[in-house]
Amino acid sequence: MVRDDRTSGILIVDELSSAVRHDLHQRLAATNGRWQLLAIEPLTATHRVRGPRDILVEPLDGSAIQALVVAASGLDESHARHVADVAGGFPELAFRLASELQLDPSLDLYHLAHLDRPNELLERALPDADLRDALKPLALFTGLGVDGDLGYQLDEVAAAFGRDPAQVRHVIERELSRNRFVSAAGRYRSVSPTLVAIWLAAGLIEDTPELDQIINSLPEPVQEAFYSQLELFGPGADQLGSALAKLLEDNRFRDPSSFDGAAGRLLRASAAVVPSQVADNISQLVRTASPEQLRAVPRRDLIWALQVLLWWPETWEQAIEALFAFAAHETETWSNNASGVFADAFAVYLSGSTVPFSTRIDWLRRAVAEGRTETEALLIRAAAKGLAHGGHRSVVGFRGGGEPLDWQPETVADLRDARAASWQLLFEFLPAATDDDRPEVVSAIEHGLWTMVQAGLVDEVDSSIRSAEWTSSERSALMGVIQRLLRLEAISAEVQQQLSEARDWLAGASDVAQLATVLATPTWNLHENTDAMLEDPPVLVALADRFSTSPDTIRQAIETGRSSAQPNTRFRFLTLLARRVGSEALAVAIAQDEDFDLVAASAAIATAEENHEDAWVDEYLGQLAAGQHGSFVPHLVTYASVTDDRIRLALDVVEQGRASADALANLRGGGRFAELSEPLIADMLVALANANAAESALGMLLQLVEARGNPTGRLKTLSSELALQAVGSEHGDPMLDYYVTQLLKRGIFDDSEVTALWASRVRNREGLVEELDHALTERLIEDIPEEALGAALQLVRDEAAGDASFSLFASRDLAILSRVAAKLGVDAVWQEVAALTEHQLRIAIHHMRWAGTTPDPLVRRFLTSSRFEGYESEAASCFFNTLGTVSGHYWIALARELERARSWLRDLHGTSAEEWARNLVDRYERDVKSQRQRDEEERFRLGY
């Protein structure tokens, strides 16, 4: 065809060697341009671009292959991502795998690699038997050290499998240079893509009956690399299973006294390959361990292994028993600890198991029947999972794919049976639940109520609720859930009627029972109509009417629900009651009770205020102050309109030591105190500060400044004292800092006070630099720069004298010397700094600004001065310390610092500090290279 003068075209040839390409080029040249050659050939380490027609084509990255797989095959994102990961830049291989996974999504890598089509492609890609043989030992591990002090890993592995280490190393480096089947991460090498590694490793496993002995003979880091690669295999790798079975016969996998982290990691890696043997080992480990050993044994990998074992009916019961034992002796706090995994195993959806729910709930019933109270909380949480709405879980194991599908209900009847079984089990806990466990049972019933309604099981809900005994607070909680359900538009009229009847039954039959239940309910759960939330709930209004008929009913209303009521609900109810019977009648009823009812008294005063009964309020407060209940006066005055006489009455009680002033902080609301006289306000702020309510005192002071302007006289002095007290706090408080900052910005402090505040702040605060520190420093420098310089130098001298608190170190971030130099001039500041002693100067340079792409003027003066000699290392530390907190890869942050160091070198070119800057750049270049290699090796070693 090419010889035919009537034809033309482009001949595209893939995987073309240089020799063949040259021959083809010569032949096509005879066509005088009718035919052109597009050759795709492997990239070698010695390749050089020879001209504009020589184009370097980068391998497709994982995201590109994933997109191609989704577009071409229709696989979901999860499977497409898996294909892209294991195909590693080989599109044809990715497409083959995608087509196989379309037919059977449960295939793992081992089985995928041995299917006809992928296997044929792999044999075509690696036809050289000697090459395959050389790479097989490397393929058995996630990676091996090849270079430097890690080179022993490859040497020992090659020798253990009867290969010449030098020859294997030569093949590995050759393939790496060809960018074909070997990848590098620092000193480590691995076979890639992943499917090739599994294919080659499986061949080595099948040809090595003594694999268990070889693995046991290798160094621990190499064994770890084997364990990690092992996680890519699933059930069905027969020879591997035999080798693992022999490995796991060692007693260290069953004996608690010798069990260690390495044993746990192998069990986790083997769980999907030989699940029955791993389950047997863990079961024996748990049975023979004492409670102390169960807590002490390295458990994280064991929990992960047990999560894998939960998948299969053959190992589920052993796995759940072991998880139960570990959960009963819990040592971890995160959500996927033994307790969390145990409970999740009883979810209806996404349980991480193929075992039917009926089998799982039967096991739970048997565990409940054993009556072990010390584990009852675990069983309650497990039963509650069966009522969880929806589901979620993390993927554990199965890095090579092949994870089974979770059991899930096939019919509505299956779902209802599962929900009902969990619901009934929770009610079985109720009668004998301990005081500690009962709240958890009730909470689980509350959360499961909507799930039951959604499943169409309202009859079961109604009958179960009516069959149990409940406290007032429990009735209230269940009423609240039902009330929220009744607001849903999706609820049918019939279901609404059933739920309303259940709610009314929970409310109670008698007035007293109903009142106790209602008072235990938050007010927002008492409204049927959400648009009326700001109004008084109708049920409270009705109860207030019923209990306002006589002195006896009034006392009954006050006594009911005092210990279990919601404070806000009770206050609103008693206020409604006081509006009907009068504040005085309510006060009379209060006085008849041995225990003073503060909520009722507050409602009485608030209602009297509504009715403008000022004389009665003053009389009542005076009586209380003169009697045994005077300690409540500071609290009660906050429910009345604010007057000097009432606040003075409260402060007198405080000064007598009968009450704390902290309740007066409630006067901050709306700034009600601002109408008081200044002397009284000052007394109140002092009382609050003495009651450890400095935050309230400063907040009220700020409100006062905003309302009246800057204070004078005693209030002015008090402002400074309160601010000094706040900034001198060792641990600090964000709100105190905020108030002092706002007061500072309003200019209420004079120069001497600002200096004192700054000095106290930097010496006493145990924390990092905050907005207040910057605000004080800015004010100091802008208004009194000479004072700022003196304060900064004194700080340096104090630090040099040994007063090296954390706060002094943190104050270096303020860079006060550089900031003062920007105000007064570099010459003026450097003259003072240069006169410092050697040790003082070493500290002073830390108070300069070392950030930025060019040296700060004061820093530059120091670097180019005669005083710089001997401080090179300290200066480098100052430069490095601007890095701050690093999030992400450390070498990337160092690379940014390297660019900054290069910028400093350019700026200092031709000065006496040029050599220091060049050394700084050299150091960062070494650090970037070292940290990047370390980062690559860690990511490689840990598999992420």
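Refer to the preceding data block for the structure.
Not measured: the values here are computed from a predicted model.

Asker: Mind showing me how you'd approach the nonpolar core here?
Answerer: A general feature of soluble globular proteins is that nonpolar side chains tend to end up buried together. Counting 161 residues, the largest nonpolar core has Phe141 and Phe342 as the members making the most contacts within it. Top element by residues in this core is helix α10 (residues 194–206). It accounts for 10 residues. Here phenylalanine 342 is in contact with Ile320, Leu323, Phe324, Trp363, Leu364, Leu378, Leu379 and Ala382, once residues within four sequence places are set aside. With 141 residues, the next largest nonpolar core counts Val705, Ile784, Ile845 and Ala893 among its residues.

Asker: It is not clear to me how unusual backbone geometry should be interpreted in this structure. Could you clarify?
Answerer: Leave glycine aside and you will find that most residues have negative phi; peptide bonds, for their part, are mostly trans. Cis geometry is adopted by the peptide bond preceding proline 193, which originates at serine 192 and carries an omega value of -5°. Tracing the backbone through its elements, the reader meets proline 193 in the loop between β5 (188–191) and α10. Positive phi, close to 60°, is recorded for asparagine 179, a residue that is not glycine. Relative to the helices and strands, asparagine 179 is located in the loop between α9 (165–177) and β4 (182–185). A positive phi angle, near 60°, is found at histidine 612, a position not held by glycine. As for its position among the elements, histidine 612 is in the loop between α32 (598–610) and α33 (614–626).

Asker: Sorry, what's going on with the side chain of arginine 419 here?
Answerer: Counting through the fold element by element, arginine 419 comes out in helix α22 (residues 412–429). With no salt bridge to any partner, buried arginine 419 finds its closest opposite charge in aspartate 417, at an N-O distance of 11 Å. In contact with arginine 419, not counting residues within four places along its chain, are Val348, Tyr349, Gly386, Leu387, Ala388, Thr451, Met452, Ala455 and Leu457.

Asker: Please clarify how the packing of aromatic side chains should be interpreted in this entry.
Answerer: For any two aromatic rings, the description comes down to two numbers: the centre-to-centre distance and the angle of the planes. Enumeration according to the criterion identifies 30 aromatic pairs in this entry. Ring geometry for phenylalanine 862 against tyrosine 871: centres 6.0 Å apart, planes inclined by 75°, an arrangement best described as edge-to-face. Relative to tyrosine 924, the ring of phenylalanine 879 lies with its centre 5.8 Å away and its plane at 65°, an arrangement referred to as edge-to-face. Placement of phenylalanine 879 in helix α48 (residues 872–880) and of tyrosine 924 in helix α50 (residues 914–942) is noted, with a sequence separation of 45 residues between them. Among the residues examined, phenylalanine 879 registers a relative accessible area of 0% and is labelled buried.

Asker: I'm lost on the sheet that holds strand β3 (residues 144–145) in this one. Help?
Answerer: Paired through their backbone hydrogen bonds, the strands of a sheet run either parallel or antiparallel. Judged by pairing direction, the sheet is antiparallel, and its 3 strands sit side by side in the order β3-β5-β4 without closing on themselves. The open sheet terminates on both sides in strands that have one partner only, identified here as β3 and β4. In this sheet, β5 lies alongside β3 in antiparallel orientation, the contact comprising 2 bridges. Paired with glycine 145 across the strands is tyrosine 188, a residue of β5. Together, β3, β4 and β5 form the strand contacts of helix α7 (residues 129–139), whose direction differs from that of β5 by roughly 115°. Along the sheet face, α9 touches β4 and β5 and points at about 90° away from the line of β4.

Asker: Would you take a moment to explain the pairing of β5 for this structure?
Answerer: Both faces of the sheet carry side chains from a regular strand, because those side chains alternate between them. Judged by which residues are buried, β5 turns out to be covered on both faces: Tyr188 and Ser190 on one side and Arg189 and Val191 on the other are all buried. Strand direction decides the pairing type here: β4 and β5, joined by 4 bridges, are antiparallel. Each bridged residue has a counterpart across the sheet, and for serine 183 the counterpart in β5 is serine 190. Hairpin geometry of β4 and β5 is characterised by an intervening segment of 2 residues between the two adjacent antiparallel strands and by a positive phi of about 65° at glycine 186.

Asker: What is the right way to read the environment of glycine 709 from this model?
Answerer: For glycine 709, the location among the structural elements is in the loop between α37 (694–708) and α38 (713–727). The sequence separation of glycine 709 and alanine 689 amounts to 20 residues, and the corresponding C-alpha distance is 22 Å.

Asker: Which parts of the structure should I look at to understand the packing of helix α30 (residues 567–581) against α32?
Answerer: Axis separation between α30 and α32 bottoms out at 8 Å; the angle between their running directions is 50°. Judged on the interaxial angle alone, α32 and α30 are oblique. The handedness of the crossing between α30 and α32 comes out as right-handed. Contacts between α30 and α32 involve Pro567, Arg570, Phe571, Leu574, Thr575, Ala578 and Arg579 from the former and Val599, Ala600, Ser602, Ala603, Ala606, Thr607 and Glu610 from the latter. Considered class by class, the residues forming the contact of α30 with α32 number 8 nonpolar, 3 polar and 3 charged.

Asker: Can you help me understand the packing of helix α35 (residues 644–655) against helix α36 (residues 678–690) in this one?
Answerer: Two quantities define a packed helix pair, namely the angle between the helix axes and the distance between the axes. Two numbers describe how α35 lies on α36: the axes approach to 11 Å, and their chain directions differ by 30°. Between α35 and α36, the angle is such that the two are roughly parallel. When you trace α35 past α36, the crossing you get is left-handed. Within the contact between the two elements, α35 uses Asp644, Ile647, Arg648 and Leu651 and α36 uses Leu680, Asp683, Met684 and Ala687. Considering only residue class, the contact of α35 with α36 consists of 5 nonpolar, no polar and 3 charged.

Asker: Help me out: how do you make sense of helix α26 (residues 493–507) in this one?
Answerer: Each full turn of the α-helix corresponds to 3.6 residues, which orients residues three or four apart in the same direction. Here α26 contains 15 residues, and its C-alpha end-to-end distance of 21 Å stays within 8% of the 21 Å for a straight helix at 1.5 Å per residue. Among the residues of α26, Val495, Leu499, Ser500, Ala502, Arg503, Leu506 and Ala507 are the ones counted as buried. Buried residues in α26, looked at end-on, bunch into an arc of 165°, giving them a common side. Seen from the open side of α26, the exposed residues pointing more than 90 degrees away from its buried face are Ala493 and Glu494. Close packing links the buried residues of α26 with α23 (438–454), α24 (458–467), α25 (472–486) and α27 (511–519). Just downstream of α26 lies glycine 508, where phi reads positive at about 110°.

The rules behind these values
Residues numbered from 1 in each chain as written. Predicted model: local features only at pLDDT ≥ 70, side-chain atom pairs only at ≥ 80, totals over all residues. Heavy atoms only, no water. Core = buried A, V, L, I, M, F, W, Y, C linked by side-chain atoms within 4.5 Å. Buried < 20%, exposed > 50% of the residue type's maximum accessible area, 1.4 Å probe, protein only. Helix = DSSP H or I, 4+ residues; strand = E, 2+ residues; numbered from the N terminus. Contact = heavy atoms within 4.5 Å. Lys, Arg positive; Asp, Glu negative; His and termini not counted. Salt bridge = Lys/Arg side-chain N within 4 Å of Asp/Glu carboxyl O. Phe/Tyr/Trp six-rings, centres within 6.5 Å; stacked < 30°, edge-to-face > 60°. Pairing = 2+ DSSP bridges. Axes fitted to C-alpha atoms, helices over the stretch in contact; angles between N-to-C directions. Parallel < 35°, antiparallel > 145°, perpendicular 65-115°, else oblique. Left-handed = near helix turned anticlockwise from the far one by under 90°. Nonpolar A, V, L, I, M, F, W, Y, C, P; charged D, E, K, R; others polar. Expected span 1.5 Å × (residues − 1). Arc of directions from axis to C-beta.

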